[in-house]
Amino acid sequence: MAFGPVEKVVKQAFKEPFTLEFPEHKEELTDNYRGIHKLDMRTCINCAACARICPNQTIVMVEGEADTAFKPAGTKLFPEINLERCLFCALCEEVCPTDCLVLSKSTDFEVYDRRDLIKRPEELK
Ligand code: SF4
Ligand code: SF4
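Our subject in this report is the structure included herewith.

So, how was this worked out
- Residues numbered from 1 in each chain as written.
- Chains lettered and ligands numbered in written order.
- Predicted model: local features only at pLDDT ≥ 70, side-chain atom pairs only at ≥ 80, totals over all residues.
- Heavy atoms only, no water.
- Pairing = 2+ DSSP bridges.
- Helix = DSSP H or I, 4+ residues; strand = E, 2+ residues; numbered from the N terminus.
- Contact = heavy atoms within 4.5 Å.
- Salt bridge = Lys/Arg side-chain N within 4 Å of Asp/Glu carboxyl O.
- Buried < 20%, exposed > 50% of the residue type's maximum accessible area, 1.4 Å probe, protein only.
- Patch = residues over 30% accessible without salt bridge, like charges linked within 9 Å, V, L, I, M, F, W, Y side chains within 5 Å.
- Areas by Shrake-Rupley, 256 points an atom, 1.4 Å probe, with all protein chains shown as cover.
- Core = buried A, V, L, I, M, F, W, Y, C linked by side-chain atoms within 4.5 Å.

**Side note on the sheet that holds strand 5 (residues 118–119)**
Spatially, 2-3-5 is the arrangement adopted by the 3 strands of the open sheet, whose pairing is antiparallel. Either end of the sheet is taken by a strand with one partner, and the two such strands are strand 2 (59–65) and strand 5. Bridge count between strand 3 (residues 75–82) and strand 5: 2 bridges; the pairing is antiparallel. Residue N82 lies in a different strand from strand 5, and its bridge partner there is I118.

Below is the structure:
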């Protein structure tokens, strides 16, 4: 009985680690995985429907430079996304009338400073 805990510790010491070395080894994602948003600023019509429907106030509309190749030059409001608040529910994607905002499969948004989880429209390409 007294050897129980010691035996457990010894067993654990010889087990393979459960965790993966990140970022060298990344976990395989399921087909329905939802990752960081992608925004096509050329086709965004600045309607703010994504910000209104978001259940967690994750999206705020901020000034961004419209792509002059497709739109008149000038500043308009585009979604800025705080990934710290995001539930990855995809309601913003569903409501977007031009399909310019989609959730990708990318997991590449690890940061050292949580303030860097706030993504400006230009960063969501
Ligand atoms: S995925 Fe959901 S929580 Fe995240 S920004 Fe879109 S609507 Fe908001
Ligand atoms: S991303 Fe879509 S829903 Fe959001 S402002 Fe642009 S067009 Fe509207």
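**A look at the side chain of S106**
Residue position: S106 is located in the loop between strand 4 (101–103) and strand 5. With residues near it in sequence (within four places) discarded, S106 still touches Y33, G35 and I36.

**Some details on the pairing of strand 3**
Two elements, strand 2 and strand 3, share 7 bridges in a ladder whose sense is antiparallel. Each bridged residue has a counterpart across the sheet, and for V60 the counterpart in strand 3 is E80.

**Here we look at the pattern of salt bridges**
Following the criterion strictly, the structure yields 4 salt bridges and no others. For E84, the salt bridge identified is with R114, shortest N-O distance 2.5 Å. Residue E84 is located in the loop between strand 3 and helix 3 (91–95), and its partner R114 is located in the loop between strand 4 and strand 5; the two are separated by 30 residues in the primary sequence. Judged by its relative accessible area of 57%, R114 falls in the exposed class. For R120, the salt bridge is made with E122, and the minimal N-O distance between the two is 3.2 Å. On the basis of relative accessibility, which here comes to 31%, the residue R120 falls in the partly exposed class. By relative accessible area, which is 32% here, E122 ends up partly exposed.

**Some points on a nonpolar patch on the surface**
A contiguous nonpolar patch, built from V6, V10 and F14 and spanning about 340 Å² of accessible area, is present on the exposed surface. Here V10 is to be found in helix 1 (residues 4–13).

**Focus on the nonpolar core**
Formed by 22 residues in total, the largest nonpolar core has its most connected members in L39, L83 and L101. Contributing elements (two or more residues each) for this core: helix 2 (49–53), strand 3 and strand 4. Excluding residues that lie within four positions of it along the chain, L83 makes contacts with I36, H37, F88, F109, L117 and K119.

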